[in-house]
Amino acid sequence: VQLQASGGGLVQAGGSLRLSCAASGGTFSIYAMSWFRQAPGKEREFVAGIRWSGGSTYSADSVKGRFTISRDNAKNTVYLQMNSLKPEDTAIYYCAAQKGTVVPGRSLNQYDYWGQGTLVTVSS
């Protein structure tokens, strides 16, 4: 499975962005999908995840109420809608795929495939 993330950019604090992650080369619908992020000098961290069916979503406390993950299995794409962005949201955002009808994990080593990352910069 290949993952291609897009949609990053520069935005002012309080603004919004929508990230997309397009999957190819596999059966997208059988993977749990998540977004992680890595800020400069920090470890990569879980942001939000969604089960294969799209029926359940999970998010980190730091983004609850601001970020929403969704997926369209017909388009093999997962999205991350980010609202009310803050400077501390500045990071490279990565999408990741975890095989199986599972709850999305929060550890990096639970994932089978990773996208290349897309940079989000939030200015104050």
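From a predicted model like this one, the values you see are computed outputs, not experimental measurements. Once a new chain begins, its residue numbering starts again from 1 and follows that chain's sequence as written. The predicted nature of this model means local features are confined to residues of pLDDT at least 70 and side-chain atom pairs, given and counted, to a pLDDT of 80 or more, with totals for whole chains, interfaces and linings taken over all residues. For side-chain calculations, the full set of non-hydrogen atoms in the structure is used, while hydrogens and water are omitted.

(A) Expanded view of the pairing of strand 4 (residues 31–38). Each residue is assigned to one of three classes by its accessible area relative to the maximum for its type, calculated with a 1.4 Å probe on protein chains only: buried under 20%, partly exposed between the two thresholds, exposed over 50%. Helix numbering and strand numbering both begin at the N terminus, where a helix is a DSSP run of H or I of at least 4 residues and a strand a DSSP run of E of at least 2. Of all the 8 residues making up strand 4, 7 are buried; the element is thus mostly covered by neighbouring parts of the structure. Note on pairing: two strands pair once DSSP finds at least 2 bridges between them. Across 8 bridges, the pairing between strand 4 and strand 9 (residues 91–99) is antiparallel. Note on strand 9: the bridge partner recorded for Met33 is Ala97. Linkage of strand 4 to strand 5 (residues 45–50), two consecutive antiparallel strands, is achieved through a turn of 6 residues, within which Gly41 is found at a positive phi near 80 degrees.

(B) Focus on the state of the cysteines. Here, two cysteine sulfur atoms that lie within 2.5 Å of each other are counted as a disulfide. Summed over all chains, the structure comprises 1 disulfide. Through a disulfide, Cys21 is tied to Cys95; the S-S separation comes to 2.1 Å. Given an S-S torsion of about 65 degrees, the disulfide between Cys21 and Cys95 has right-handed geometry. Pair noted here: Cys21 is in strand 3 (residues 17–24) and Cys95 is in strand 9, with a separation of 74 residues, a long-range link. The same class applies to Cys21 as to Cys95, namely buried.

(C) Structural detail: the environment of Gly26. With respect to the secondary-structure elements, Gly26 resides in the loop between strand 3 and strand 4. Here Gly26 falls in the partly exposed class, since its relative accessible area comes to 40%. In this structure, the C-alpha to C-alpha distance between Gly26 and Phe46, residues 20 residues apart in sequence, is 23 Å.

(D) Local environment of the side chain of Thr118. Counting through the fold element by element, Thr118 comes out in strand 11 (residues 118–123). Polar contacts, as used here, are pairs of N or O atoms within 3.5 Å; protein pairs need one atom able to donate a hydrogen and one able to accept it. Residues neighboring in sequence count only if both atoms are side-chain atoms. Looking at Thr118, its side chain comes within polar contact range of the main-chain nitrogen of Gly8, at 3.1 Å. Excluding residues within four positions of it along the chain, Thr118 makes contact with Ala5, Ser6, Gly7, Gly8, Leu19, Ala91, Ile92 and Tyr93. The contact definition used throughout considers only heavy atoms, calling two residues in contact when any of these lie within 4.5 Å.

(E) Structural detail: the sheet that holds strand 1 (residues 2–6). Spatial ordering of the open sheet is given by 1-3-8-7, a layout of 4 strands whose pairing is antiparallel. Taken across any chain shown, the strands that pair with only one partner, and hence form the sheet edges, are strand 1 and strand 7 (67–72). Strand-to-strand, the axes of this sheet are offset by a mean angle of 15 degrees, without reference to chain direction. With axes taken as lines fitted to C-alpha atoms, and helix axes fitted only over the stretch in contact, angles between N-to-C directions fall between 0 and 180 degrees.

Spatial relationships are all this shows, so hold off on functional conclusions.
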